[in-house]
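# Topology and contacts: notes
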Amino acid sequence: MTAKYARGEKVLCYEPDPRKLQYIYNATIQEVEMEDLCKWTGEEGENIQPVYLTHFQNWGEKYDRWVAEDLILPITPENLISKEQLENQLGSPKAPGHTRRTPSSTQQTPSTSRRSSKPVMIKLNLPDTIKQSLERDFVNITLRNQVVCLPRTPNVASILSSFTSSRPDDEGAEEFCTEIRTMFNVTLPLQLLYKEERTQYEQEGFVLNSRSKRQQLLTPISEKEALLFPGYSHWGDKDAGTNGPKEPVLLYGVEHLLRLFVKLPELTAHLETPYRSGVRHYGQMFLDWIADHRAEVFVEVQPYRNAI
């Protein structure tokens, strides 16, 4: 197999650390080598692929990282737009993962992808009180033609913040909640809404503003487009006098958040084992915390109204 990119070539590169948010960085290829990735991933067989020593623009050499080809993108107008949109969605990027290795090193692995070649679903045990809430939610939305009153109090952001506050010395819990917050904003329009809730979602002003001032409803044209940038050029806040819709985590509450946790095993099935293990650990911890603090999280006995 020949390398797609050459030494000295300017490229874009995804964040190589699977534990961090997946920003896209400007980068330069420093070196190119062929490696058997199976010896790094522990899989059987042989998988000879090019790996690239990548230097990230505006970051020091200590952040240079060996990465596999599937983390690298060519510099095209479309990819640059995707990069900008991700930054608008996630905020300003921090330093990329900085574990280094030399070509002869056998101690550290080049970053391949946060995806595992063999999907493995984690198991999360839903407490009985949460199962009952999910069942009530399903009945109210699909059979009684109701929707959750928005904005919901407490909202998803407040719930996640309360959880991290309950574990002040646990950095892993804070990272987990940061990932869940981003995942919720991303997956809500794709997988967390019943069809009966689409009208309400669009009534909240969820539109995509592009550079050409084009506007379109967020009901995605294609899943690929939505996954690249399932949000907006910026989040707004009517209370603060800024245009655009609020982040979904500021509008929706525990009902939709629990739907995400039902889908979490499926959404993380292709991720690398260390990342899945963290999701399983903190995911179960969070669900148990929700069950223990049900009165604080749900608050309203009947947070639904009839759909318009």
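Worth saying up front: this structure is predicted, and the values here are computed from it rather than measured.

Analysis parameters
Residues numbered from 1 in each chain as written. Predicted model: local features only at pLDDT ≥ 70, side-chain atom pairs only at ≥ 80, totals over all residues. Heavy atoms only, no water. Buried < 20%, exposed > 50% of the residue type's maximum accessible area, 1.4 Å probe, protein only. Helix = DSSP H or I, 4+ residues; strand = E, 2+ residues; numbered from the N terminus. Arc of directions from axis to C-beta. Contact = heavy atoms within 4.5 Å. Polar contact = N/O pair within 3.5 Å; in protein donor to acceptor, adjacent residues only side chain to side chain. Pairing = 2+ DSSP bridges. Salt bridge = Lys/Arg side-chain N within 4 Å of Asp/Glu carboxyl O. Patch = residues over 30% accessible without salt bridge, like charges linked within 9 Å, V, L, I, M, F, W, Y side chains within 5 Å. Areas by Shrake-Rupley, 256 points an atom, 1.4 Å probe, with all protein chains shown as cover. Phe/Tyr/Trp six-rings, centres within 6.5 Å; stacked < 30°, edge-to-face > 60°. Lys NZ or Arg CZ within 6 Å of the ring centre and 35° of its normal.

## Some points on helix α4 (residues 156-165)
Three or more residues of α4 are buried, namely Val 156, Ala 157, Ile 159, Leu 160 and Phe 163. Looking straight down α4, one finds its buried side chains confined to an arc of 165°; they lie on one side. Summarising the contacts, the buried residues of α4 are in contact with α5 (171-192), α8 (248-251), α9 (254-267), α10 (273-292) and α11 (294-298). For α4, the side-chain oxygen to backbone nitrogen distance between the N-cap and Ala 157 is 3.2 Å, and the N-cap itself is Asn 155.

## Structural notes on the pairing of strand β2 (residues 24-36)
Across 5 bridges, strand β1 (residues 10-14) lies against β2 in antiparallel orientation. Counted as the bridge partner of Tyr 14 is Ile 24 from β2. With 9 bridges connecting them, β2 and strand β3 (residues 48-56) associate as antiparallel partners. Looking across to β3, one finds that Ala 27 is bridged to Phe 56.

## A short note on the sheet that holds strand β4 (residues 65-68)
Taken in spatial order, the 5 strands line up as β4-β3-β2-β1-β5 in an open sheet, and their pairing is antiparallel. Sheet topology places β4 and β5 (72-73) at the edges, where each strand pairs with a single neighbour. Sheet analysis places β1 next to β5, joined by 2 bridges and oriented antiparallel. Paired with Cys 13 across the strands is Ile 72, a residue of β5.

## Quick look at the pattern of salt bridges
This model, assessed by the stated rule, comprises 5 salt bridges. A salt bridge links Asp 137 to Arg 259, with the shortest nitrogen-to-oxygen separation between them at 2.8 Å. On the criterion of sequence distance, the pair formed by Asp 137 in helix α3 (residues 128-143) and Arg 259 in helix α9 is long-range, its members being 122 residues apart. Arg 259 shares its class with Asp 137; the two are buried. Between Glu 247 and Arg 181 there is a salt bridge, and its shortest N-O distance comes to 3.1 Å.

## Comments concerning the side chain of Asn 79
Residue position: Asn 79 is located in helix α2 (residues 77-90). A residue is classified by how much of its surface remains accessible, and Asn 79, at 17% relative accessible area, is buried.

## Describing a nonpolar patch on the surface
Taken together, the side chains of Met 1, Met 34 and Ile 48 present a nonpolar region at the surface, about 300 Å² in accessible area. With a relative accessible area of 38%, Met 34 lands in the partly exposed category.

## Thoughts on the environment of Gln 57
By secondary structure assignment, the location of Gln 57 is in the loop between β3 and β4. Of the residues examined, Gln 57 reaches a relative accessible area of 45% and is grouped as partly exposed. Considered as a pair, Gln 57 and Asn 26 are 31 residues apart in the sequence and their alpha carbons are 5.5 Å apart. Gln 57 has contacts with Asn 26 and Ala 27, leaving out every residue within four places of it along the chain.

## Some words on the packing of aromatic side chains
Taken as a whole and assessed by the stated rule, the structure comprises 11 aromatic pairs. An aromatic cluster is present here, built from Phe 163, Phe 176, Phe 261, Tyr 282, Phe 286 and Trp 289 joined pairwise through their rings. Arg 294 extends its terminal NZ or CZ atom over the ring of Phe 298, reaching a point 4.6 Å from the ring centre.

## Thoughts on unusual backbone geometry
The step from Leu 150 to Pro 151 runs through a cis peptide bond, and the omega angle for that step is -5°. The omega torsion across Thr 153 and Pro 154 is -5°, close enough to zero to call that bond cis. Of note, the phi angle at Asn 58 is positive, near 75°, even though the residue is not glycine. You can see Asn 58 is positioned in the loop between β3 and β4. Taking the relative accessible area as the measure of exposure, Asn 58 reaches 72% and is therefore exposed. At Asn 145, a residue that is not glycine, the phi angle is positive and equals roughly 55°. Within the secondary structure, Asn 145 sits in the loop between α3 and β6 (146-148). Assessed through its relative accessible area of 42%, Asn 145 is described here as partly exposed.

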